[in-house]
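# A look at the structure
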Amino acid sequence: MRTQILYNNIDIFNGIGPTPNLSKSDEMVKYHNRWAVKSNFTLNGVVTGICSQGFSGLLANQQALIQNLSSDFKSFSITENGQTLYSAPYTTISNIKFDSSNYVREIPYSITLSAFQ
């Protein structure tokens with residue numbers, strides 16, 4: 001079973017680390033007489049690197065993850081074995097947080113994003 005998280009049609013975790021744990025919560029948004037659903041996602045995972053590259057490999061993968069998420073209002077989707085489980089055309093990145101790390105084996109991170117259908 002292969003799960004992919006795509007942002008701007010790019011598998012943002014490919015080559016950077018394992019697919020992160022994902023949680024989702026929905027909230028209702030009212031604007032005048034209209035209602036919409038805002039889906040909030042939290043991705044918790046680790047950036048890994050090539051062992052022979054050590055610190056520089058981890059740092060390069062960390063920078064690649066930040067670059068992959070550097071602009072808002074892009075498409076976001078979750079697929080499993082080629083089948084789309086969730087898709088939203090407009091997504092904003094709320095937060096990218098890296099935990100303290102000694103940059104030896106992995107760098108834990110948490111990413112928060114919001115999507116509107």
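Everything discussed here concerns the structure shown above.
## What to know about the overall build of the protein
Along the backbone of the protein there are one helix and seven strands. Across its three principal axes, the protein shows a C-alpha extent of roughly 55 × 30 × 20 Å. Considering the protein as a whole, with its 117 residues, one finds that 32% of them fall into the buried category. Of the contacts formed within the protein by residues at least 6 apart in sequence, a portion of 57% connects residues at least 24 apart. Accessible area for the protein stands at about 7,200 Å²; split by element, carbon and sulfur atoms hold 49% of it. Of the charged side chains in the protein, 8 are positive and 7 negative; the average position of the first set lies 6 Å away from that of the second.

## Comments concerning the pattern of salt bridges
Evaluated as defined, the whole model comprises two salt bridges. Taking the shortest distance from any N to any O, the salt bridge between D11 and R2 comes out at 2.9 Å. Taking relative accessible area as the criterion, R2 reaches 41% and is therefore assigned partly exposed. The salt bridge involving D26 is made with K24; its shortest N-O contact spans 3.2 Å. What makes D26 partly exposed here is its relative accessible area of 48%.

## Section: the environment of L58
Along the chain, L58 falls in helix α1 (residues 54-68). Among the residues examined, L58 registers a relative accessible area of 1% and is labelled buried. Non-local contacts of L58, meaning those with residues more than four positions away in its chain, are made with V47, T48, G49, Y103, V104, R105, E106 and I107.

## A closer look at a nonpolar patch on the surface
A surface patch of nonpolar side chains, about 330 Å² in accessible area, is lined by M28, W35 and V37. Positionally, W35 belongs in strand β4 (residues 34-48). Residue classification places W35 among the exposed positions, given a relative accessible area of 55%.

## Observations regarding the packing of aromatic side chains
Counted by the stated rule, this structure contains five aromatic pairs. On the numbers, 6.0 Å between centres and 5° between planes, the contact of F13 with Y109 is stacked. Of this pair, F13 sits in the loop between β2 (10-11) and β3 (21-31) while Y109 sits in strand β7 (residues 106-116); the two residues are 96 residues apart in sequence, bridging distant segments of the chain. Taken together through their ring pairs, the aromatic side chains of F13, F98 and Y109 make up a single cluster.

## A closer look at the sheet that holds strand β5 (residues 74-80)
By way of backbone hydrogen bonds, the strands of a sheet pair with one another, either parallel or antiparallel. If you walk across this open sheet you meet the seven strands as β2-β1-β5-β6-β7-β4-β3, and the pairing is antiparallel. The outermost strands of the open sheet, each flanked by one partner alone, are β2 and β3. Here 11 bridges tie β3 to β4, and the two strands are oriented antiparallel to one another. Residue K24 lies in a different strand from β4, and its bridge partner there is F41.

## Looking at the nonpolar core
Ranked by internal contacts, the top residues of the largest apolar core, which has 21 residues, are F13, L65, F76 and I111. Taken together, the elements giving at least two residues each to this core come down to β1 (3-7), β4, α1, β5, β6 (83-98) and β7. If one sorts the elements of this core by residue count, β7 sits on top with five residues. Once residues within four sequence positions are removed from consideration, I111 is found in contact with F13, F41, T42, L43, L65, L69, N95 and I96.

What counts and how
- Residues numbered from 1 in each chain as written.
- Predicted model: local features only at pLDDT ≥ 70, side-chain atom pairs only at ≥ 80, totals over all residues.
- Heavy atoms only, no water.
- Helix = DSSP H or I, 4+ residues; strand = E, 2+ residues; numbered from the N terminus.
- Buried < 20%, exposed > 50% of the residue type's maximum accessible area, 1.4 Å probe, protein only.
- Contact = heavy atoms within 4.5 Å.
- Areas by Shrake-Rupley, 256 points an atom, 1.4 Å probe, with all protein chains shown as cover.
- Lys, Arg positive; Asp, Glu negative; His and termini not counted.
- Charge placed at Lys NZ, Arg CZ, Asp CG, Glu CD.
- Salt bridge = Lys/Arg side-chain N within 4 Å of Asp/Glu carboxyl O.
- Patch = residues over 30% accessible without salt bridge, like charges linked within 9 Å, V, L, I, M, F, W, Y side chains within 5 Å.
- Phe/Tyr/Trp six-rings, centres within 6.5 Å; stacked < 30°, edge-to-face > 60°.
- Pairing = 2+ DSSP bridges.
- Core = buried A, V, L, I, M, F, W, Y, C linked by side-chain atoms within 4.5 Å.

Just geometry here; none of it tells us what the structure is for.
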